[in-house]
Structures are given as C-alpha cells and as structure tokens.
Amino acid sequence: MVGHFAHTINIVLSPITTATTTTTTTTTTTATSTVPPVSVDTELTCGERTERRQSKIVGGSITPIESQPWTAAIFKGDEFVCGGSLISPCWVLTAAHCFPDGKRTSTRRFSVHLGKKSINATDADREQMFTIGQVITHQKYDGTISYDNDIALVQITRKEGGCASQTPSARTVCLAPPLTMLPPGAVCDIAGYGKESDRPFARYSQFLKQTQVTLMSLNNCKGYENYDIVTQNMFCAASPDWSTDACQGDSGGPLVCDVGGRMFLLGVTSWGDGCAKENKPGVYTRVTNYNHWIAEKTGLSAFTAGVMYPEK
C-alpha cells in the first residue's frame with residue numbers, strides 16, 4: 001500500500017444619497033469585515049472524518065484523503081520518504097527509521113504534506129505544505145536489530161507561519177490514553193502511499209490506499225519465524241488471508257482503530273518480513289507506550305491524555 005492569521009479588509013460602500021425638499025446630503029460609510037480565524041483541531045475534535053473507503057483494488061483500496069485525513073506524506077526534495085500521522089496542528093508522528101541521521105538530520109530539504117491524495121500530483125484545494133522545524137527521534141531507538149522504539153516526532157510549520165488548518169482533508173487523529181490497547185482480533189485500518197509489492201523495481205502507489213488488518217497477540221506474533229525480536233513496544237497485525245499488508249514506503253504511517261466513532265492512532269508502521277506474505281505479519285510501534293515521551297518532547301499533555309477515548 002503509505003495558519004493563516006485573521007486579517008481585516010476595509011470596504012468602501014457606494015455613496016448613499018438621502019433627499020429632502022430643502023437639502024441633499026451624501027453620506028459615505030466605511031464597513032469593516034473581519035475574516036474569521038481558520039479552524040484548528042484540538043484534543044476534543046480529533047479523529048473525525050467525512051468519508052470512508054471506496055474503489056476496491058488488489059492489495060487494498062484507493063481511498064479519498066478525507067477518509068484518512070491525518071495521513072501525512074514526508075518528502076526529501078521531490079522524493080517521497082515516509083508516511084506520518086497528524087497528532088496536533090503542529091506535530092506529526094512517524095517512525096524513527098525514516099530519519100536515519102536522527103537529531104543530526106538536516107531538515108532544510110524536507111517537507112511535509114497534508115491532504116495529499118497522490119504523491120506525484122498536487123491538489124491546491126486540498127493540500128497543505130509545511131517545512132520541518134525539528135525532528136525528534138526516540139533516544140533509545142534501535143535501528144540495528146529489532147527496530148525497538150521506532151518512533152519520531154516532526155514539528156511542522158507553514159512558510160508564512162502557523163500550523164495545520166482543520167479541513168475535510170487535514171484533521172488530527174486521536175491519541176488513546178497511556179498503555180491502552182485493543183484486544184487481539186480487533187480490526188483496524190492502515191493507510192499509506194507505499195509500494196504495492198516487495199518485488200524489485202516495484203513502484204510506490206500513485207494514490208493513497210488503505211486496508212484493514214486484524215490485531216494479533218504478542219505471543220502469537222513472536223511465534224512466527226524471524227519475529228522473536230518483537231518487543232513489548234510493538235504489536236503485530238495482518239489480514240486474515242494474508243492478502244493485504246503495509247509495504248516499503250508505508251513506514252511511519254498510521255494504524256488507526258475506530259473506538260466510539262472516533263479514530264485513534266494505536267500504531268506506527270515499522271517493519272515486516274516482506275509484504276503480504278503468509279505468516280509474515282506487519283509490525284507496528286505501540287503508540288500508547290510513548291504518550292509520556294510525546295508530552296515531554298512537545299508539551300502536548302492535553303492531547304496525550306486521550307480524553308476522547310470512551311470510558312468503560
């Protein structure tokens with residue numbers, strides 16, 4: 001599969017003429033019209049979307065960006081690098097392995113796009129583009145063996161200032177409370193612009209795609225060959241018939257679950273042994289293990305509290 005600021009316009013109206021039998025008075029009135037501030041998501045408006053899946057194709061479905069409006073596309077120059085998820089107007093959550101240079105990453109050549117339906121085309125009516133202020137990879141990320149702590153934060157800003165505006169094609173996804181996890185068997189969505197197979201020279205998907213996967217227990221996942229390195233900071237998911245999966249290029253993208261009518265980000269696409277192969281599930285960073293880390297690095301304690309998660 002992968003702020004504008006309010007301003008004031010002065011309008012001069014046409015002269016209004018008032019006639020009497022003795023005098024004629026001409027009055028010119030100046031009216032002030034204030035453009036309302038753009039909407040931005042808060043911790044109370046997260047996880048809402050206006051559309052769902054459509055157009056089934058092999059290995060997932062082409063999906064309108066409005067069905068996964070928190071999905072971010074990270075580019076280095078003109079090259080697509082990774083996916084991500086908008087967790088607040090100014091922050092995107094992604095995978096640490098998307099930035100192998102870690103805190104030494106030169107952010108100048110990177111950009112982040114929201115509302116992007118296709119990675120090789122631009123829709124000015126839907127898209128918002130940002131530069132990267134800073135990249136924060138987890139200090140204990142292990143990129144050599146297990147990909148443990150494969151999580152990173154990307155601070156985004158518009159060139160003209162401000163962060164992401166709330167539109168049907170750009171929304172924040174909810175964070176669940178710390179350490180929250182759905183049980184094995186729960187069905188969730190993954191989305192991305194990644195390659196449609198792991199064959200040599202396979203191309204990235206032209207359009208955003210999504211599919212559904214089923215969560216696995218940790219013990220079940222660790223029982224598969226080459227999956228004994230899965231840690232408590234990860235979980236596995238796959239389609240029941242192994243026909244759809246995340247693949248190269250989907251890294252950093254969202255695994256989201258519908259809880260009480262809102263979409264919650266439970267996983268960051270991390271790694272797998274091939275793509276859509278039998279007994280080779282996808283592995284995802286367990287986001288709710290990192291709520292405190294996210295809050296510490298960003299100050300987003302209101303978002304990481306998971307206040308919109310339904311009470312039992």
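This report concerns the structure included in the present document. For clarity, every value in this text was computed on a predicted model and none was experimentally measured.

1. Thoughts on the sheet that holds strand 10 (residues 110–114)
- If you trace the six strands once around the closed barrel, you get 7-8-9-12-11-10, paired in antiparallel fashion. Strand-to-strand twist across the sheet, computed as the mean angle between neighbouring axes with direction ignored, equals 40°.
- Pairing geometry for strand 10 and strand 11 (residues 128–137), over four bridges, is antiparallel. Paired with Leu114 across the bridge in strand 11 is Gln128.
- In this fold helix 2 (residues 291–298) packs onto strand 8 (79–88), strand 9 (91–94), strand 11 and strand 12 (152–157), with an angle of close to 35° to the strand it touches most, strand 12.

2. Thoughts on the nonpolar core
- With 37 residues, the main nonpolar core has Ile87, Leu93, Val112, Leu153, Val154 and Leu265 as its most contacted residues.
- If you list the elements that add at least two residues to this core, you get strand 7 (71–76), strand 8, strand 9, strand 10, strand 11, strand 12, strand 18 (262–277) and helix 2.
- At four residues, strand 11 tops the list of elements feeding residues into this core.
- Among residues more than four places away in sequence, those in contact with Leu93 are Gly84, Ser85, Ile87, Ile151, Ala152, Leu153, Gly252, Leu265, Val268, Val287 and Ile294.
- Among the nonpolar cores identified, the runner-up in size contains 18 residues, and Phe235, Cys257, Phe264 and Tyr284 belong to it.

3. Re the state of the cysteines
- The full count for this structure, using the stated rule, is five disulfides.
- Between the sulfur atoms of Cys46 and its disulfide mate Cys174 the distance is 2.0 Å. With the S-S bond torsion at 90°, the cross-link from Cys46 to Cys174 turns out right-handed. Of this pair, Cys46 sits in the loop between strand 4 (30–34) and strand 5 (56–57) while Cys174 sits in strand 13 (residues 174–175), and the two are 128 residues apart along the sequence.
- Relative accessible area serves as the criterion here: at 1%, Cys174 is assigned to the buried category.
- In this model Cys221 forms its disulfide with Cys236; the gap between the sulfur atoms is 1.8 Å. Judged by the sign of its S-S torsion, about -55°, the cystine formed by Cys221 and Cys236 is left-handed. Taken together, the positions of Cys221 in helix 1 (residues 218–222) and Cys236 in strand 16 (residues 234–238) put the pair 15 residues apart, joining distant regions of the chain. For the pair Cys221 and Cys236, one class covers both residues: buried.

The rules we used
Per chain, residue numbering runs from 1 following the sequence as it is written. Only residues with pLDDT of at least 70 get local features here, since the model is predicted, and only at 80 or more are side-chain atom pairs given and counted; chain-wide, interface and lining totals rely on the full set of residues. Note that water and hydrogens are dropped before the side-chain values are worked out from all heavy atoms of the structure. The pairing criterion is simple: DSSP has to find at least two bridges between the two strands. Working definition: helices are DSSP H or I runs of at least four residues, strands are E runs of at least two. Numbering for both runs from the N terminus. For every element, the axis is a line fit to its C-alpha atoms; helices are fit only across the contacting stretch, and the angle between N-to-C directions ranges from 0 to 180 degrees. Residue contacts follow a heavy-atom distance rule, with two residues in contact if any of their heavy atoms lie within 4.5 Å. Put simply, buried Ala, Val, Leu, Ile, Met, Phe, Trp, Tyr and Cys residues joined by side-chain atoms within 4.5 Å make one nonpolar core. Only protein chains enter the area calculation, which uses a 1.4 Å probe; residues under 20% of their type maximum are buried, those over 50% are exposed, and those in between are partly exposed. Disulfide: a pair of cysteine sulfur atoms within 2.5 Å of each other.

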